[in-house]
Amino acid sequence: MYFIDVQGTLISDEDKSPIRGSIEFIKRCNEKNIPYMVVTNNTKRASKDFYNFLISQGFNFSFDKYLDPLMMLESRVGKDSVAAYGADEFLKTLKGMGYSLDYKNPKTVLLAIKEDFTNEDYAQMIEFLLGGAKLVGMHETSIYAKNSKRYPGVGAILKMLEFATSTSYEVVGKPSVAFYEESLSGLKKQNPQARFCDITMISDDVKGDLCGAKEMGIKTFFVTSGKYKNEAEIVPFLDPALRPDKTYADMQEILEEL
């Protein structure tokens, strides 16, 4: 059984095209009736829109095997008085979901990702947090890769804001316990006996996906087709108990072992 990440694992961070072996891996799971959930930290597109994009790229799986943070947001964050930060597409999606954006006296600072946060953005966030606003991250991604560059991910920015304001934060998507529990619920619809110890999580984000999964008893496979060029960049610096069980170049290498 699998939890399968998307960006950097199934599709390229550069051009969003399918990574070698990714379409075939999903096809093999379908053919062998291997339960899986496609679990992504997508926040830029509405959930159904991003799912349809993946289908248009050649992936074949039903929507009930898909989960992203937007699908859990309404149960975690109220819709009134939110100061949201992220790409324009994220803000547009929030408005489409009925969220009221407030940059004067917000109850919640909601953080997603974009490549061009400014010091003014950070200053505004800090003022809101020091004024009593709650801090929520859409996910806790370690690195954001785009245009052959690597930027601090949402997780890194959350840590910075926590240090600056002594405000703790919550996470909606990966690697929150709630997100993985919801993913398990989806897997149980395919196999009612599914448990975390039966699952392998596949991702290119060791700290933002795999370490949290490891803490829940999930086996972890690290692919170097996304945020990291090789395991030497990150794995030796992790707590040995949280290091991935195996490292692969991409989904094709995993497929060859099935």
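Above this text is the structure in question.
*Asks:* So what exactly am I meant to see when it comes to the packing of aromatic side chains here?
*Replies:* Scanning the entire structure with this criterion turns up 13 aromatic pairs. With a centroid separation of 6.1 Å and 20 degrees between ring planes, the pair formed by Phe 50 and Phe 53 is classed as stacked. On the criterion of helical spacing, the pair formed by Phe 50 and Phe 53 is a turn pair, its members being three residues apart in helix α2 (residues 47-56). The same class applies to Phe 50 as to Phe 53, namely buried. Ring geometry for Tyr 144 against Tyr 151: centres 6.0 Å apart, planes inclined by 40 degrees, an arrangement best described as tilted. Here Tyr 144 falls in the buried class, since its relative accessible area comes to 12%. Aromatic ring contacts, followed pair by pair, group Tyr 51, Phe 61, Phe 63 and Tyr 66 into a single cluster. Taking NZ or CZ as reference, Arg 45 lies 4.5 Å from the ring centre of Phe 53, over its face. The ring of Phe 63 carries the charged tip of Lys 48 above its face, separated from the ring centre by 4.8 Å.

*Asks:* Help me out: how do you make sense of the nonpolar core in this one?
*Replies:* Most often, soluble globular proteins have nonpolar side chains that are buried together. If you look at the biggest cluster of nonpolar residues, it comprises 41 residues, and the most contacted ones within it are Phe 3, Leu 73, Phe 90, Leu 110, Phe 196, Met 201 and Ile 218. Only β2 (36-39), α3 (70-76), β4 (82-85), α4 (88-96), α7 (177-188) and α8 (206-215) provide two or more residues apiece to this core. When neighbours within four sequence positions are excluded, Met 201 is seen to be in contact with Phe 3, Asp 5, Val 39, Lys 174, Tyr 180, Asp 209, Leu 210, Ala 213, Ile 218, Lys 219, Thr 220 and Phe 221. If you look at the next biggest cluster of nonpolar residues, it comprises 25 residues, including Tyr 2, Leu 54, Phe 221 and Ile 254.

Parameters at a glance
- Residues numbered from 1 in each chain as written.
- Predicted model: local features only at pLDDT ≥ 70, side-chain atom pairs only at ≥ 80, totals over all residues.
- Heavy atoms only, no water.
- Phe/Tyr/Trp six-rings, centres within 6.5 Å; stacked < 30°, edge-to-face > 60°.
- Helix = DSSP H or I, 4+ residues; strand = E, 2+ residues; numbered from the N terminus.
- Buried < 20%, exposed > 50% of the residue type's maximum accessible area, 1.4 Å probe, protein only.
- Lys NZ or Arg CZ within 6 Å of the ring centre and 35° of its normal.
- Core = buried A, V, L, I, M, F, W, Y, C linked by side-chain atoms within 4.5 Å.
- Contact = heavy atoms within 4.5 Å.

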